[in-house]
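# Reading the structure
Chain by chain, the residues:
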Amino acid sequence: MASEATSSRRLNIDNINPHVRAAKYAVRGELAVKSEEYRARLAQGATDLPFDTVISANIGNPQQLDQKPITFFRQVLSILENPGLLEKKDVLIEHLGYKTDVIERAEWLLKEVGSVGAYSASNGVPAIRKSVAEFLERRDGFPANWQDIYLSAGASSAVNTLLHIICADKNTGVLVPIPQYPLYTASLSVLDAQCVPYYLNESTNWGTDLNVLKEACEKAKAEGVDVRAVVIINPGNPTGASLPESDIRAVIEFARQERLVIIADEVYQTNVFIGEFISFKKMLRQMQKEQPGVYDNIELASLHSVSKGMVGECGHRGGYFELVGFDPAVQQEIYKFVSIMLCAPVIGQCLVELMVNPPKPGEPSYDLYRAEYDAIFNGLRERANALHAAFEQMEGVECGVPQGSMYLFPRIKLPAKACEAAAAEGRTPDEFYCMRMLEATGVCVVPGSGFGQEPGTLHFRTTFLAPGTEWVGRIVKFHQEFMDKYRD
Ligand SMILES: Cc1ncc(COP(=O)(O)O)c(C=O)c1O
């Protein structure tokens, strides 16, 4: 690699921001790059690969994997992008199957938003923030203040904003679950702040263990870290775990005792197969009601997104965060921070409105919306179960039942010879396994080390978004051959 002295360019790999270099983001790492190379080779007609399709099971990107967009959403967006269509309402209705509620919603949004080609207010279109507040009230049964809602370019940008505000210096610590979606560790790396990891409990299907959380916090404090916030991903990525009420209560109580800001990443709130989703906001309001005064000082930021669930519109970059209990002066700075980026994509903001306010029973678009929504939900659940059943049969593989989100995170026990072969290649055993899987099957998954895992354990994460189950058979066959090859 060229050093500063030898390179003629002003910027080289040794003098750019070292914190960017230090950040790791495995879901789009080496395996993903290689899978794209395979895809390109197949597209050019290559016949020398042992598979004929590449399956991107590495990233929760539903529409890349053939999930169809919900018709109502896209019909409204089409009018927002091209308001001239409103001059041909008869064509929309009689020839293109648009229902009257599509047109009414588009007209309302155009009235509130103006042109989707214009910047909006920095924290989002007020009418859309009001729709989000009404959704939160319906969801939780407690009031929500629209002025505490900030529309964002997906949850990623919300996390970026919050961590920028929270991380004052390199001594600031944020408790992050392990395994976790690497956005958190990567962003903390870039900000040169401290990630304080706490392990989720695999034996209780990735529950949040309060003692572990406390220990991690105590250890960091003893090392002089200023622990300020705790991240909870519920339902979990990569684990799929959906937190029960008791765990949520325990985390809120812990945050009170330790004076921690809670960042509740709830982007998978509709991807729940077992039990029901309970929001941190609802639980906090409930606890405030039960014990007046005790939880008044809790600071909670909760996030949601159009990327996941049955919406799956991650390319549109829409989301929001709601702040509860934040100091108004801090909120002013958050407003200033988001203004520096001007505003979230306005079409993405409109999708947030459609997500939180979809057609209601009795409205013209409802039946189709419901049918599409249910088909996506049921398809995800069926594929999760098929994948889980396959993992159950595989030697040395253990996997909890699918509970939610879009992922399974099986634990794998690999033979010592496989670990030696991995070391000889300079890879961790799980990276080695996933690389061989990609080469043999075209299925791209992410090694557990990309999310963090307890020392001595190995995992991989796969989405269950790809259509069909043929690719699952490829994994089963590969696994058997891999184990046979490296068996001690
Ligand atoms: C837990 C979690 N949070 C946040 C995100 C970011 O989502 P987006 O920025 O697309 O809303 C993801 C994406 O996979 C995720 O899994």
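Just so you know, the residues in each chain are numbered from 1, in the order the chain's sequence is written. The predicted nature of this model means local features are confined to residues of pLDDT at least 70 and side-chain atom pairs, given and counted, to a pLDDT of 80 or more, with totals for whole chains, interfaces and linings taken over all residues.

### A look at the overall build of the chain
What counts is decided by this rule: Starting at the N terminus, helices and strands are each numbered in turn, a helix being any DSSP run of H or I of at least four residues and a strand any DSSP run of E of at least two. Each radius of gyration is computed over the set of C-alpha atoms, and the globule rule expresses the reference value as 2.2 Å times the number of residues to the power 0.38. Our exposure labels follow a C-beta count within 10 Å of each residue's own C-beta, placed from the backbone: buried means 20 or more other C-beta atoms, exposed means 12 or fewer, and partly exposed covers the counts in between. The contact criterion used is a C-beta to C-beta distance within 7 Å, with each C-beta placed from the backbone.
Looking only at helices and strands, the chain features 17 helices and 14 strands. Scaling as 2.2 N^0.38, a compact globule of 488 residues should have a C-alpha radius of gyration of about 23 Å, and the chain matches this with 24 Å. Across the 488 residues that make up the chain, the buried fraction comes to 45%. Considering only residue pairs separated by 6 or more positions, the chain has 72% of its internal contacts joining residues 24 or more positions apart.

### Quick look at helix α5 (residues 100-113)
Think of an α-helix as turning once every 3.6 residues; residues three or four places apart then point the same way. Applicable threshold: Helix span, as expected, comes to 1.5 Å for every residue beyond the first. Directions pointing from the helix axis toward each C-beta atom define the arc.
Over its 14 residues, α5 runs 20 Å from end to end, which matches the ideal 20 Å to within 8%, given 1.5 Å per residue. Within the span of α5, buried status applies to Val 102, Arg 105, Ala 106, Leu 109 and Val 113. Seen end-on, α5 carries its buried residues on one side only, within an arc spanning 100 degrees.

### Quick word on the site of the ligand
To keep it simple, the criterion reads: We call a residue near a molecule or strand if the C-beta atom, set from the backbone, is within 6 Å of it. In this classification, the charged set is Asp, Glu, Lys and Arg, the nonpolar set is Ala, Val, Leu, Ile, Met, Phe, Trp, Tyr, Cys and Pro, and all remaining amino acids, among them Gly, are polar.
In the vicinity of the ligand, 14 residues are found, and the nearest of them are Gly 154, Ala 155, Ser 156, Ser 305 and Ser 307. Among the elements that line the shell around the ligand, the one with the most residues is helix α7 (residues 154-166), at three residues. Residues that form the shell around the ligand fall into these classes: six nonpolar, seven polar and one charged.

### Digging into the sheet that holds strand β5 (residues 226-233)
Defined as follows: In short, DSSP must find at least two bridges between two strands for them to pair. Angular values range over 0 to 180 degrees, each being the angle between N-to-C directions of two axes fitted as lines to C-alpha atoms, with helices fitted over their stretch in contact.
Spatial strand order, β2-β8-β7-β6-β5-β3-β4: seven strands in an open sheet with mixed pairing. Edge positions in the sheet fall to β2 (149-152) and β4 (194-199), since each has one partner strand and no second. Neighbour-to-neighbour, the strand axes of this sheet turn through a mean angle of 20 degrees, independent of strand direction. When strand β3 (residues 172-178) meets β5, the two strands line up parallel, connected through four bridges. In the sheet register, Thr 172 faces β5, and the bridge partner there is Asp 226. Sitting on the sheet, helix α9 (residues 210-222) is in contact with β3, β4 and β5, with an inclination near 150 degrees to β4.

### Considerations on the environment of Glu 137
Relative to the helices and strands, Glu 137 is located in helix α6 (residues 126-140). In this structure Glu 137 comes out as exposed when scored by C-beta crowding, with 12 C-beta atoms within 10 Å. Once the C-alpha coordinates of Glu 137 and Lys 282 are considered, the two residues, 145 residues apart in sequence, prove to be 9.3 Å apart. In contact with Glu 137, other than residues within four places in its own chain, are Phe 142, Pro 143 and Ala 144.

### What about the domain arrangement of the chain?
Rules: Domain start and stop positions are those given by an automatic or database domain assignment.
Split into domains, the chain comes out as domain 1 (16-65 + 372-486) and domain 2 (119-356). For domain 1 and domain 2, the distance between their C-alpha centres works out to 28 Å. The partner domain 2 presents 32 residues to the 35 residues of domain 1 that form the contact. Mapped onto the side of domain 1 that touches domain 2, the elements with two or more residues apiece are α1 (18-22), α14 (366-393) and β10 (407-408). At six residues, the largest contribution of residues to the side of domain 1 that touches domain 2 is made by α14. Tallied by class, the residues present in the side of domain 1 that touches domain 2 amount to 18 nonpolar, 12 polar and five charged.

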